[in-house]
Amino acid sequence: MSTVHETIKVAAPLRAVYGQWTRFEEFPRFMDGVEEVRQIDARRCHWRTRVGGVSREFDTEIVDQLPDERISWRTVGGDVHQKGVVTFQRLDDLHTQVSLAMDVEPQGIVEKAGAALGMLEDRVRDDLERFRRFVEDGSAADPGWRGRLRPADSTGEPPPAAAPPPPPERPGPYPGPLPDDPSDAPRA
């Protein structure tokens, strides 16, 4: 397991910084390698990433979320095994400190070598820097979600599988089963 700790100071009020972080579907705008984050419900997200030519999909669950203070999460399904917490500290009316701590289980020899060389720390540091610029440039406008999620309500289970789509409607103007051999088909 690799552990990463990074902190950055953002020139924006606490409420704006925290609010932007809760807009998980915007993570691809400042997190390198994150192609898509789809929020399933208030507690769970589905991620699609591509790092070093390797595509991965996984689900995360928010374990604890206290507005303007912290968000902790863990993976609950998929190709990635990690957990972490991001905390927000008001420095003054116009500055906020964001601290991120993550435990990540590197998969395969390439990721293990990258973790040993500090590449994970570099990636997290760069992502936080892009987040800082994103917020400070005024790209963040919405106050985000301000609900409270408690650890006691966490399930640790992946989201339920989506129901399969209904079968397509049968083409053709005639009743009955479709023919197996086109030469058996009725002629119009």
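Keep in mind it's a predicted model, so treat the numbers as computed, not measured. (Residues numbered from 1 in each chain as written. Predicted model: local features only at pLDDT ≥ 70, side-chain atom pairs only at ≥ 80, totals over all residues. Heavy atoms only, no water.)

Novice: What is the right way to look at the nonpolar core in this model?
Specialist: Note on soluble globular proteins: their nonpolar side chains tend to be buried together. With 33 residues, the main nonpolar core has V17, W21, F27, W47, F88 and V98 as its most contacted residues. Sort the elements by how many residues they give to this core and helix α3 (residues 119-136) lands first, with 5 residues. Apart from the residues within four sequence positions on either side, V17 is in contact with V10, A12, F88, T96, V98, F131 and V135. (Core = buried A, V, L, I, M, F, W, Y, C linked by side-chain atoms within 4.5 Å. Buried < 20%, exposed > 50% of the residue type's maximum accessible area, 1.4 Å probe, protein only. Helix = DSSP H or I, 4+ residues; strand = E, 2+ residues; numbered from the N terminus. Contact = heavy atoms within 4.5 Å.)

Novice: Can you help me understand α3 in this one?
Specialist: The α-helix winds at 3.6 residues per turn, so residues separated by three or four positions along the chain end up facing the same way. Taking 1.5 Å as the rise per residue, α3 with 18 residues should run 26 Å; its terminal C-alpha atoms sit 26 Å apart, in good agreement. Here α3 has its buried residues at V124, D127, L128, F131, R132, F134 and V135. Within α3, the buried residues cover an arc of 165° as seen down the axis, which keeps them to one side. Those residues of α3 that are buried lie in contact with β1 (2-10), α1 (14-21) and β7 (95-104). At the exit of α3 stands G138, carrying a positive phi of roughly 85°. (Expected span 1.5 Å × (residues − 1). Arc of directions from axis to C-beta.)

Novice: Help me understand the confidence of the model for the chain in this model?
Specialist: Caution applies to low-pLDDT parts of the model: their predicted coordinates are not meant to be read in detail. For the chain, the mean per-residue pLDDT works out to 81, and 70% of the residues sit at or above 70. Model confidence for the chain, summarised as mean pLDDT per element, is weakest for helix α2 (residues 108-116) at 63 and strongest for strand β6 (residues 82-92) at 96. (pLDDT = per-residue confidence, 0-100.)

Novice: I would appreciate a short explanation of the pairing of strand β4 (residues 54-66) in the present structure.
Specialist: Remember that side chains alternate between the two faces of the sheet whenever the strand is regular. Both strand β3 (residues 44-51) and β4 contribute to a ladder of 8 bridges, which runs antiparallel. Counterpart to H46 in the pairing with β4 is D59. The hairpin formed by β3 and β4 contains 2 residues between the paired strands, and G52 there has a positive phi angle of roughly 60°. Note: β4 against strand β5 (residues 70-78), 8 bridges, orientation antiparallel. For D64, the partnering residue across the bridge sits in β5 and is S72. Counted along the chain from β4 to the antiparallel partner β5, the turn is 3 residues long, and its residue D68 has a positive phi close to 65°. (Pairing = 2+ DSSP bridges.)

Novice: Where do I start with the packing of α1 against α3 in this structure?
Specialist: Packed helices, taken two at a time, are described by the angle their axes make and the gap between the axes. Axis separation between α1 and α3 bottoms out at 11 Å; the angle between their running directions is 120°. Classified by the angle between their axes, α1 and α3 sit oblique to one another. Helix-helix and strand crossings are classified by hand; for α1 and α3 the assignment is right-handed. In contact with V17, Q20 and W21 of α1, α3 contributes L128, F131, F134 and V135. (Axes fitted to C-alpha atoms, helices over the stretch in contact; angles between N-to-C directions. Parallel < 35°, antiparallel > 145°, perpendicular 65-115°, else oblique. Left-handed = near helix turned anticlockwise from the far one by under 90°.)

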